[in-house]
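Spelled out from the first residue to the last, the chains are:
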Amino acid sequence: MTEPKKRNSTSLMLLLLYALLIASLLVLTLAGARLYSDTMDARDAHAKQRSALSYIQSQTAACGGKGNIRLIEGPAVCLREPESDFETRIYLYENALRTEFSRVTAEIDPNNAEKLCDLKTFKAELSENGLLTITADGMTAGAYCDGGGAA
């Protein structure tokens with residue numbers, strides 16, 4: 001009679017061991033899925049920041065250089081359309097990099113702006129030799145303004 005009890009306790013121990021193994025695998029799978037999701041979110045945010053810096057570079061190249069680029073307080077990079085009264089403004093507002101297309105004489109209005117990406121810091125500098133340097137959350141991009149940049 002002791003042998004069936006021994007078998008029952010061994011079977012119960014094996015069943016508990018399998019349950020513990022399955023629970024451990026489930027916890028590891030969930031932790032791995034969360035880590036993967038966080039990694040993909042960080043990668044996407046970084047890609048959007050790189051994309052926003054590339055956008056600024058391409059807009060700078062398209063604006064025509066000398067006399068068409070100015071920096072205003074905030075900071076905001078203003079890229080005037082060649083032979084036009086309109087400009088593209090790129091600036092930080094409420095922890096997001098935004099772009100706004102408006103008349104040169106109009107005030108900056110974030111309600112008319114489109115969000116490019118989330119950012120905490122944004123800095124723009126325009127050197128006399130025509131190099132526009134943009135720093136955003138520690139990432140730096142440069143764009144040469146053909147013709148020497150600002151007037």
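Refer to the structure presented above.
What counts as what
Residues numbered from 1 in each chain as written. Predicted model: local features only at pLDDT ≥ 70, side-chain atom pairs only at ≥ 80, totals over all residues. Heavy atoms only, no water. Salt bridge = Lys/Arg side-chain N within 4 Å of Asp/Glu carboxyl O. Helix = DSSP H or I, 4+ residues; strand = E, 2+ residues; numbered from the N terminus. Buried < 20%, exposed > 50% of the residue type's maximum accessible area, 1.4 Å probe, protein only. Contact = heavy atoms within 4.5 Å. Core = buried A, V, L, I, M, F, W, Y, C linked by side-chain atoms within 4.5 Å. Pairing = 2+ DSSP bridges. Axes fitted to C-alpha atoms, helices over the stretch in contact; angles between N-to-C directions.

A. Inspection of the pattern of salt bridges at higher detail. Here the structure, examined in full by the defined rule, presents seven salt bridges. A salt bridge links D44 to R43, with the shortest nitrogen-to-oxygen separation between them at 3.5 Å. E87 serves as the salt-bridge partner of R70, at 2.7 Å between the closest nitrogen and oxygen. With R70 in strand β1 (residues 69-72) and E87 in strand β3 (residues 86-93), the pair connects residues that are 17 residues apart, well separated along the chain. Judged by its relative accessible area of 1%, E87 is buried. Among the ionic contacts, a cluster of salt bridges with common partners joins R70, E87, R89 and E100.

B. Quick peek at the environment of E100. Inspection of the secondary structure puts E100 in strand β4 (residues 96-103). Among the residues examined, E100 registers a relative accessible area of 2% and is labelled buried. If near-sequence neighbours (up to four positions away) are discounted, E100 is found in contact with E87, T88, R89, Y91, E107, I108, D109, P110, N112 and A113.

C. Geometry of the nonpolar core. Ranked by size, the top nonpolar core spans 19 residues in total, and within it I56, V77, L97, F122 and I134 carry the most contacts. Contributions of two or more residues to this core are made by α1 (2-62), β2 (76-80), β6 (122-126), β7 (131-136) and β8 (139-144). With residues near it in sequence (within four places) discarded, I56 still touches I90, L97, F122, L132 and I134.

D. Structural context of unusual backbone geometry. Positive phi, close to 50°, is recorded for E94, a residue that is not glycine. Mapped onto the elements of the fold, E94 is located in the loop between β3 and β4. Look at N95: it is not a glycine, yet its phi comes out positive at around 55°. Position of N95 relative to the elements: it lies in the loop between β3 and β4.

E. Local environment of the sheet that holds β4. If you walk across this open sheet you meet the five strands as β1-β2-β3-β4-β5, and the pairing is antiparallel. Where the open sheet ends on each side, the last strands, each with one partner, are β1 and β5 (114-118). Put simply, the sheet's adjacent strands are angled 20° from each other on average, direction ignored. By the bridge criterion, eight bridges tie β3 to β4 in an arrangement that is antiparallel. Note on β4: the bridge partner recorded for E87 is S102.

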